[in-house]
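In case you want the letters, here they are:
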Amino acid sequence: MQQFGHRFREEFEIDPNSTVVNHCSFGYFPKTLVKAKFDYMLKIYQTPEKFFFNEISQLLVQSRKDAADFLDSPWEQTFFTTNVTSGITAILNYFNFKKDDKILYSSLNYPMVQNNLIHLNKKVGTQITQIQFQYDDLNDEKILQIYEEYLKEGYNIVFLDLIVYNPAYLMPIKQIVQLCRKYNCISVVDAAHGVGVLELSIRDLDPDFFMTNFNKWGYVPGTCTLFYINEKFILDFHPHLIGSNYGLGLDKEYEFEGNQDRTSYLCVSKAIEFMKQHGLKEIIEYNNNIAYDGAKKMAEIWNTELLLKNKQDNKLPMVSARLPIDDPQLGLKLTKKCLQDYNVWINFRNYKGQNWVRVSGQIYNELQDYEYAANCLLKVIQENP
Amino acid sequence: MQYKQISIFSLKNLKSQLLMKQFGHAFRDEFEIDPNATVVNHCSFGYFPKSVVQAKLNYLNKMFQTPEKFVFGEMPQLLEQNRKDAGEFLDSHWQQTFFTTNVTSCVTAILNYFNFKRDDKILYSSLNYPMVANNLMHLNQRVGTQITEIQFQCDDLNDEKILQTYDEHLKEGYNIVFLDLIAYNPVYLMPIKKIVQLCRKYNCISVVDAAHGVGVLEFSIRDLDPDFFMTNFNKWGYVPCTCTLFYINEKFTSDFHSHLIGTNYKQGLDKEYEHEGNQDRTSYLCVSKAIEFMKKHGYKEIIEYNRNIAYQGAVKMAEIWKTELLLKNKEDNKLPMVSVRLPIDDPKLGLKITQKCLQDYNVWINFRNYKGQNWVRVSGQIYNELPDYEYAANSFLKVMQESE
């Protein structure tokens, strides 16, 4: 626990002039992991054939096994793919939904998921229903009640979040997935924020599909999405891209989804090692604490408030604090100026008319970071009346 | 202090001599190539100048250290500049020219756009890259769209026969045809401009897969005027993987979408291609530098050297193996890739031997079985010299002997 904090910044690739209170939009990575990735990249550039024919398949399998072990999922159903968007695309392709099919999602889903469903509705006419969650609804009891009401009407598939990206909220996902089973609805769990945030067991959750990004909280540089596919679907599932390994089985198809840089996937084992070395429980505890304390400090400085009032309710390294500006356009203009002038990025989203900052906590953070961030925004506000 | 007088004339002479001299083994130092490897297959994966690799790693470092500043600040302008430079280099309208992950993504986006149904007809050929054929088979299986594959024999590989064949097929009426600029193996430069003209004549949409394109030929997309055109900068264009240039005719840009629907959906194709989901786009930012590299060493000079050394190398390999070239005459070989017949007919045995050759002698001989014959695609690049091909051919023979 003592090692965490500013002195830990040295272990990470972070610009010394930056202050980071938004770890998870893009992720920040241990130097050892970045070096591992660059080493793989150079190997590919210098001896591509040897690497592709001899090493990469085994390394990929090992990464899959280590990731599956870490997230308690059968490795044969666990693949790496480019990003969650690719996972969503592959799922929609597989089911090939038609006009009469019904898809359920919510106002909390990441915009990319919503866009895919809107596009499908436009192209094919598939019925899409969006649950509107108000702020008052953001408690487990209410959420479950709402999902039950909808799911009992009968839907083919539902797109769920493990963790709502903004405002940050940890969904009662296990119970929602159980409701899906009860009402015979396919469950897709978008856990973009997942690994590195909670101790997870995919087996225990038992969803139909599950995707989590190793490059957000999982210390893997670049892009690396883990994609779990329930065995019911494996046989005739395909990646979002049909490539030269088409028809050779999902292992082979995901081994080569078209020409791309897969070196991030090869760094997963090392990232898991990093998390074990420092203790996943310890990392989680530190991150959750510093995120809450930091967000609370920012809300104090801004005279605003937190979405979650009690520290005990906070189970995440992301805490929503209300921005002292109500207008999203002005908010964006000022946070961008803050980035430019003070080297700190304050990430917010406008949800149902209010601007919520997603304050992140990570093992290189300390309270001063959040004080600095909050004060810089106030300065920018003053400088731009 | 005294300075030696050097005339302008002799300086220019010296410069051009230096330029000529640099290609060949002396040039390997400029490239990221394992010193123990012999390379006669430049283009499956590509090999890259150290300066461009360094540029990519620098961008990646920036991405890791200051992601927000980079993504919100520099990146959009860099992306646009690279698109403009690529558009200019390939003579295409930059507003219709985008970067995407790979050719597979483009093919996917095109098929998504047209949303072909049961009665639609798609034309392709046995020369297309397997990925293209797979996409069409998958579509046929899922939707029932009719797909027709032209079977080209090795004997058909001449411009006249190819054009005649396409004319016969296209006049029957197809919605779309998937074409290669360069058939990947066996290697053949297709009479693409004329085929695209036939497409216009018969009202068929033309998709030109020019995966092998930039860095191989001088060409103009404006002049070719296809409906869709894709070329990889990471094969012959000196950009570390992956980087595909995707040209979309303006008829389609207003409601076209990337193969991935992302957060920038409906904000216009510029914005959609700026963020096709979370991925590493640093290769796209290296295109200007790669173009600079090609101009500095002379694009014409590079093309000429590559073409020559590929041919000479292939002739040497055929000699050593006692086999032959697909295209016998030098004038017919217009590419830095030349097909030479492997001295083994069985593709499984051929694969086993070439893999052993890679393992034991550090040289990869890339072949494809086409219509019952194994053709090696011999590549030429500015770091190659004849001994590379001699070594490759001899190593292969050694492995053959050792495996008996």
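The following paragraphs examine the structure supplied in this document. (Residues numbered from 1 in each chain as written. Chains lettered and ligands numbered in written order. Predicted model: local features only at pLDDT ≥ 70, side-chain atom pairs only at ≥ 80, totals over all residues. Heavy atoms only, no water.)

1. Some points on the overall build of chain A
Threshold: In DSSP terms, a helix is any run of H or I states spanning at least four residues, a strand is any run of E spanning at least two, and both are numbered starting from the N terminus. We compute the radius of gyration from the C-alpha atoms alone; for a globule the expected value is 2.2 Å times N to the 0.38, where N is the number of residues. Under the scheme applied here, a residue whose accessible area is under 20% of the maximum for its type counts as buried, over 50% as exposed, and between as partly exposed, the area being computed with a 1.4 Å probe on protein chains only.
Per the secondary structure count, chain A includes 13 helices and 13 strands. Against the globule reference of 21 Å for 385 residues, chain A gives a C-alpha radius of gyration of 21 Å, in line with a compact fold. Taken along the three principal axes of its C-alpha coordinates, chain A extends 60 × 55 × 35 Å. Out of the 385 residues belonging to chain A, those deemed buried represent 63%.

2. A look at the overall build of chain B
Under the convention used in this document: Contact between two residues is taken to exist if any of their heavy atoms lie within 4.5 Å; hydrogens are not considered. All accessibility values rest on the Shrake-Rupley procedure with a 1.4 Å probe; residue burial counts only the protein chains present in the view. In this tally, Lys and Arg are treated as positive and Asp and Glu as negative; His is ignored, and so are the chain termini. The atom standing in for a charge is NZ when the residue is Lys, CZ when it is Arg, CG when it is Asp and CD when it is Glu.
Along chain B, the regular secondary structure elements total 14 helices and 13 strands. Against the compact-globule benchmark of 22 Å for 404 residues, chain B has a radius of gyration of 22 Å, which places it among compact chains. Contacts in chain B between residues far apart in sequence, at least 24 positions, make up 71% of those at least 6 positions apart. Taken as a whole, chain B presents about 16,900 Å² of accessible surface, with 48% of it coming from carbon and sulfur. Each charge class in chain B can be summarised by its mean position, and for the 45 positive and 48 negative side chains these summaries are 2 Å apart.

3. Quick notes on the sheet that holds strand β10 (residues 244-248) of chain B
Within a beta sheet, neighbouring strands are joined by backbone hydrogen bonds and run either parallel or antiparallel to one another. All names here are of chain B. This is how it is decided: Two strands qualify as a pair provided DSSP detects at least 2 bridges between them. In this analysis, axes come from line fits to C-alpha atoms, helices being fitted only over the stretch in contact, and the angle between any two N-to-C directions falls in the range 0 to 180 degrees.
Spatially, the seven strands line up as an open sheet ordered β1-β10-β9-β7-β4-β2-β3, and their pairing is mixed. Of all the strands in the sheet, the pair left with one neighbour each is β1 (97-100) and β3 (146-150). Here the strands of the sheet are splayed against their neighbours by 20 degrees on average, with no regard to which way each runs. As paired elements, strand β9 (residues 228-232) and β10 share five bridges and run antiparallel to each other. Each residue of the ladder has a partner; that of N232, found in β10, is T244.

4. Some details on the interface of chain A and chain B
To keep it simple, the criterion reads: Reported buried area values correspond to the accessible surface (1.4 Å probe) lost by two parts on association, with both partners' losses combined. Any carboxyl oxygen of Asp or Glu that lies within 4 Å of a side-chain nitrogen of Lys or Arg is treated as forming a salt bridge with it. Residues adjacent in sequence count toward polar contacts only when both atoms are side-chain atoms; beyond that, a polar contact is any pair of N or O atoms within 3.5 Å, and within protein one must be able to donate a hydrogen and the other to accept it. All amino acids are sorted into three groups, where Ala, Val, Leu, Ile, Met, Phe, Trp, Tyr, Cys and Pro are nonpolar, Asp, Glu, Lys and Arg are charged, and the leftover types, Gly among them, are polar.
Facing the 58 residues of chain A at the interface are 57 residues of chain B. Interface area, chain A with chain B, both sides summed: about 5,200 Å², of which 62% is carbon and sulfur. Where chain A packs against chain B, one counts zero salt bridges. Taken together, the connections running from chain A to chain B amount to 19 residue pairs in polar contact (both at pLDDT 80 or more). Elements supplying a minimum of two residues to the side of chain A that touches chain B: α1 (31-46), α2 (48-70), α3 (84-95), α4 (111-124) and α12 (328-342) of chain A. Considering each element in turn, the side of chain A that touches chain B owes the most residues, eight residues, to α4(A). Here the residues of the side of chain A that touches chain B are counted per class, giving 22 nonpolar, 27 polar and nine charged.

5. Some thoughts on the nonpolar core
Defined as follows: Grouping buried Ala, Val, Leu, Ile, Met, Phe, Trp, Tyr and Cys residues that are joined through side-chain atoms within 4.5 Å yields what is termed a nonpolar core.
With 119 residues, the main nonpolar core has A:F12, A:Y147, A:L162, A:F214, A:M275 and A:I363 as its most contacted residues. The dominant element in this core, judged by the number of residues it contributes, is helix α11 (residues 280-302) of chain A, at 11 residues. When neighbours within four sequence positions are excluded, A:F214 is seen to be in contact with A:A67, A:L71, A:F80, A:V195, A:Y219, A:V220, A:C224, A:L226, A:V268, A:I272 and A:M275. In terms of nonpolar packing, the next biggest core, distinct from the first, is built from 81 residues, B:C43, B:L123, B:A290 and B:L326 among them.

6. Quick notes on a positive patch on the surface
As a reminder of what qualifies: Note on patches: the residues involved have over 30% relative accessible area and no salt bridge, like charges join within 9 Å, and the nonpolar side chains Val, Leu, Ile, Met, Phe, Trp and Tyr join within 5 Å.
Together, A:K98, A:K123, B:K117 and B:R142 make up a positively charged patch on the protein surface. With respect to the helices and strands, A:K98 occurs in the loop between α3 and β2 (102-106). The partly exposed category is assigned to A:K98, whose relative accessible area is 46%.

7. Regarding helix α10 (residues 268-278) of chain A
Residues and elements named next belong to chain A. Test applied: The reported arc concerns the directions from the helix axis to the C-beta atoms and nothing else.
Among the residues making up α10, those that are buried are V268, A271, I272, F274, M275 and H278. Projected onto a plane normal to the axis of α10, the buried residues spread over an arc of 150 degrees and lie on a single side. Turned more than 90 degrees off the buried face of α10, the exposed positions are E273, K276 and Q277. Packed against the buried residues of α10 are α1, α2, β1 (78-81), β8 (194-198) and α11. Directly after α10, the chain includes G279, whose backbone phi takes a positive value near 85 degrees.

8. Re the pattern of salt bridges
All names here are of chain A. Within this structure, the stated rule accounts for 37 salt bridges over all chains. Of the charged contacts, one joins E148 and K182 as a salt bridge, the two residues approaching to 3.2 Å between their closest N and O atoms. Note that E148 is positioned in helix α5 (residues 140-151) and K182 in helix α6 (residues 173-182), a separation of 34 residues in sequence. Among the ionic pairs, R322 bridges to E305, the shortest N-O distance being 3.0 Å. Of this pair, R322 sits in strand β11 (residues 318-322) while E305 sits in the loop between α11 and β11, and the two are 17 residues apart along the sequence. Where salt bridges share partners, they join R181, D206, D208 and K232 into one cluster.

9. As for helix α12 (residues 299-321) of chain B
Residue and element names in this part refer to chain B. The condition is simple: Here the expected span of a helix is defined as 1.5 Å times the quantity of residues minus one.
Given a rise of 1.5 Å per residue, 23 residues ought to cover 33 Å, and the 33 Å separating the end C-alpha atoms of α12 matches this to within 8%. Turning to α12, the residues buried within the fold contact α3 (67-89), β8 (213-217), α11 (287-297), β11 (337-341), β13 (373-379) and α14 (386-402). Downstream of α12 by a residue or two, K322 has a phi angle that is positive, lying close to 60 degrees.

10. Remarks on the packing of α12(A) against helix α13 (residues 367-383) of chain A
Residue and element names in this part refer to chain A. We apply this condition: In these notes the angle categories are as follows: under 35 degrees is roughly parallel, over 145 is roughly antiparallel, 65 to 115 is roughly perpendicular, and the rest is oblique. In this scheme the crossing of two helices becomes right-handed for a clockwise turn of the near helix relative to the far one and left-handed for an anticlockwise turn of less than a right angle.
Following both chains from N to C, one finds α12 and α13 inclined at 110 degrees, their axes separated by 9 Å at the closest point. In terms of orientation, α12 lies roughly perpendicular with respect to α13. α12 and α13 meet at a crossing whose hand is right-handed. Counting all contacts with α12, which are made through L334, T335, K337, C338 and Y342, the residues of α13 involved are Y372, C376, L377, K379, V380, I381 and E383.

11. Examining the sheet that holds β13(B)
Residue and element names in this part refer to chain B. Strand order in this open sheet of three strands is β11-β13-β12, and the pairing throughout is antiparallel. Of all strands in the sheet, those with a lone pairing partner are β11 and β12 (367-370), marking the two edges. Averaged over all pairs of adjacent strands, the angle between their axes in this sheet comes to 35 degrees, without regard to strand direction. In terms of strand pairing, β12 meets β13 through four bridges, oriented antiparallel. Within the sheet, the bridge partner assigned to Y370 lies in β13 and is Q373.

12. Some remarks on the packing of aromatic side chains
Applied cut-off: Side-chain rings of Phe, Tyr and Trp (the six-membered ring for Trp) are treated as a pair once their centres are within 6.5 Å; stacked means planes under 30 degrees apart, edge-to-face means over 60, and tilted covers the remaining angles. Either the NZ atom of lysine or the CZ atom of arginine qualifies as a charge over a ring when it sits within 6 Å of the ring centre and within 35 degrees of the ring normal.
For the structure shown, the criterion picks out 63 aromatic pairs over all chains. An angle of 65 degrees between the planes, with centres 4.9 Å apart, marks the rings of B:F89 and B:Y299 as edge-to-face. Of the two residues, B:F89 is situated in helix α3 and B:Y299 in helix α12; the sequence distance between them amounts to 210 residues. Like B:Y299, B:F89 is buried. Among the aromatic side chains, those forming a connected cluster through ring pairs are A:F79, A:Y94, A:F95, A:F97, A:F209, A:F227, A:F233, A:F237 and A:Y254. Between the NZ or CZ atom of A:K336 and the centre of the ring of B:F72, over which it lies, the distance is 5.7 Å.

13. What about the side chain of A:T78?
All names here are of chain A. Secondary-structure assignment places T78 in strand β1. Separated by 2.8 Å, the side chain of T78 and the backbone oxygen of P74 make a polar contact. Setting aside residues up to four positions removed in sequence, T78 forms contacts with R64, A68, S73, L226, F227 and Y228.

14. Comments concerning the pairing of β9(B)
Residues and elements named next belong to chain B. Among the five residues of β9, five are classified as buried, and the element is accordingly described as predominantly covered. Here β9 shows a buried face lined by F228, M230 and N232 and a second buried face lined by F229 and T231. Of the strand pairs in this sheet, strand β7 (residues 205-210) and β9 are connected by four bridges, and their pairing is parallel. Paired with V208 across the strands is F229, a residue of β9.

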